[in-house]
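Architecture at a glance
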Amino acid sequence: MAIDYYKKAEKNASTGYDQTQEIVSRMLAEIEADGEAKAKEYCQKLDGWEGDVVVSREQIEAAKAKVPEQLKADIQFAYERVSRFAAAQRDSIREFETELSPGLFAGQKLIPMETAGCYVPGGRYAHIASAIMSVATARTAGVKNVIACSVPRDENGIHPAILYAMDLAGADTILQMGGVQGIASMAFGLFTGKPADILVGPGNRFVAEAKRQLFGRCGIDMFAGPTEIGIIADDSADPHIVATDLVGQAEHGPDSPAWLFTTSRALADAVSERIPGLIADLPETQSKAADAAWRDYGEIVICDSREEVVEVSDRYASEHLELQVEDLDWWVAKLTSYGSLFVGEETTVAFGDKCSGTNHILPTKGAARYTGGLCAQKFLKIVTYQRQSREATRDVAATTARLSRCEGMEGHARTGDVRLAKYYPGEHFDLVIDEEV
Ligand SMILES: NC(=O)C1=CN([C@@H]2O[C@H](COP(=O)(O)OP(=O)(O)OC[C@H]3O[C@@H](n4cnc5c(N)ncnc54)[C@H](O)[C@@H]3O)[C@@H](O)[C@H]2O)C=CC1
Ligand SMILES: O=C(O)[C@@H](O)CS(=O)(=O)O
Ligand SMILES: [Zn+2]
């Protein structure tokens, strides 16, 4: 395989990971031991917030009054599309019951989780869209208690438009607390008395690691850490658009990877030439973040064939993957690892990020090898049941007894024996396999 790293990143997903892991496990242990007081202490220390943690109805109404009408309409636009797509995904799986053999019925039920904890990031930017992505999807799934939390932005608490979006999307309780302390509060049921059955939502490396460490104690959607963009582009692509899209996502933060996979050296030259100017042209905060991200995590990979591009791209398993290539259908059919695919130049990652309808809470750091993004199904327990007639018990009980004995599980075998003895008194069954295995 001929792969040429036109630009290779100096850092990768594991850079600084040990330190993050250590900080997060210490914070989680302290908050679990000392409860609300410790969570508040971290909130004060890391985000300077000393006010109420549970947002009141008055604060929500005051926030609503501050949100301009056009922004309300835009939030509504995003909310409608995200909810509609989430409902279509939910409806794509269903409950059923099937008769596997005469009298033996097995079924599937979909049971919404009781309590969801939705994290809405708010450190660097006001992630209004993230509030819709998690809260509206939990509601669509039928979760009973939806708790949301985010970082208090200033002396007035959470950004008013985030509060507005959380409320519109249907959050029951909103906590003014971000980072590890916000995640821990939802997991341990602090301030609400309702420990989350599942924690969802994106966040920085501390937030993503806190969710990872809490997995098992509660469910999580997936590892949704620092944003990633991959673009597959060939000679037919517009280098200005490709470069703008890479820089557009690199502004997320200094640890956000942006990758270009191409078969065209001419395109690599043209994109690489444009990127520094596009970064410099951003406002200062965004420019600094994108500059560090492109310097440390940006890559341009040139391959000899499109088959090689597919192999490389699937290995990176990018959270977002754009296709700016000829023969789009070929690529759509071949690619297998990505969080969400943006097909053709007319669409772009930011459309999905903000309002087009697909969920933007997506797997990062290679998690797209084994999962897709947030969807209603993540909030549903897909459980099974069975029931059967006495007649069906005849075969199932006898088979169970014989299989169990071969496994050495006599107790299991006898649960079959007693039923056969009760339902078919006086009848003989061969419940032991005599031959040596
Ligand atoms: N994968 C996905 O689906 C998405 C990912 N994102 C990512 O979410 C992230 C948002 O990050 P932020 O703006 O930072 O907001 P954030 O809300 O995730 O994190 C801010 C919090 O981090 C905590 N924190 C900061 N420094 C800390 C330290 N040294 N020790 C312990 N805690 C610390 C603070 O408590 C603060 O409240 C970005 O990386 C972005 O790329 C955003 C949207 C979607
Ligand atoms: O990782 C992501 O999905 C983000 O790009 C979403 S947003 O741009 O922060 O809305
Ligand atoms: Zn984005």
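Residues numbered from 1 in each chain as written. Chains lettered and ligands numbered in written order. Predicted model: local features only at pLDDT ≥ 70, side-chain atom pairs only at ≥ 80, totals over all residues. Heavy atoms only, no water.

We apply this condition: UniProt positions are given in the numbering used here, feature names are shortened, and annotations may be inferred rather than shown by experiment.
Looking at an unreviewed UniProt entry, one finds the protein chain named Sulfopropanediol 3-dehydrogenase, with Modicisalibacter tunisiensis as its source organism. On record in UniProt, under Catalytic activity (unreviewed entry), the comment for the protein chain is "(2R)-3-sulfopropanediol + 2 NAD(+) + H2O = (2R)-3-sulfolactate + 2 NADH + 3 H(+)". Per UniProt, the comment on the protein chain under Function (unreviewed entry) is "Catalyzes the NAD-dependent oxidation of (R)-2,3-dihydroxypropane-1-sulfonate to (R)-3-sulfolactate."

1. Remarks on the site of ligand 1
Using the following cut-off: The near set for a molecule or strand comprises every residue that places at least one heavy atom within 4 Å of it. Whenever a nitrogen or oxygen atom comes within 3.5 Å of another N or O atom, the pair is scored as a polar contact, on the condition that within protein one atom can donate a hydrogen and the other can accept it, and that pairs from neighbouring residues in sequence are kept only if both atoms are in side chains. Runs of E in the DSSP output that reach at least two residues are strands. Runs of H or I that reach at least four are helices, and both are numbered from the N terminus. Only Asp, Glu, Lys and Arg are considered charged, only Ala, Val, Leu, Ile, Met, Phe, Trp, Tyr, Cys and Pro nonpolar, and every remaining residue, Gly among them, polar.
The environment of ligand 1 is formed by 29 residues, the closest being Asp 47, Tyr 119, Arg 124, Asn 204 and Thr 227. Contacts to ligand 1 include Thr 227, whose side-chain N or O atom sits 2.6 Å from an oxygen atom. Contacts to ligand 1 include Glu 319, whose side-chain N or O atom sits 3.1 Å from a nitrogen atom. Contributions of two or more residues to the shell around ligand 1 are made by helix 2 (36–47), helix 7 (179–188) and helix 8 (205–214). Its residues placed into classes, the shell around ligand 1 shows twelve nonpolar, 14 polar and three charged.

2. Looking at the packing of aromatic side chains
For clarity, the threshold we go by: Only rings of Phe, Tyr and Trp enter the pairing, Trp through its six-membered ring, and a pair is recorded when the two centres are within 6.5 Å. The plane angle decides the type: under 30 degrees is stacked, over 60 is edge-to-face, the rest tilted. Type-normalised accessible area, obtained with a 1.4 Å probe on protein chains alone, sets the label of each residue: buried when under 20%, exposed when over 50%, and partly exposed for intermediate values. Sitting over a ring, as applied to charges here, requires NZ of Lys or CZ of Arg to be within 6 Å of the ring centre and within 35 degrees of the ring normal.
This model, assessed by the stated rule, comprises four aromatic pairs. An angle of 75 degrees between the planes, with centres 4.9 Å apart, marks the rings of Trp 259 and Tyr 316 as edge-to-face. Note that Trp 259 is positioned in strand 10 (residues 258–262) and Tyr 316 in helix 12 (residues 306–316), a separation of 57 residues in sequence. Each member of the pair, Trp 259 as well as Tyr 316, carries the same accessibility label: buried. Note on Trp 330 and Trp 331: the rings are 5.0 Å apart at their centroids and 85 degrees apart in plane angle, and the pair reads as edge-to-face. Accessibility assignment for this pair places Trp 330 and Trp 331 in one class, buried. One aromatic cluster is present, built from ring pairs that chain together Trp 259, Phe 261 and Tyr 316. We note Arg 81 situated over the ring of Phe 77; from NZ or CZ to the ring centre the distance is 3.6 Å.

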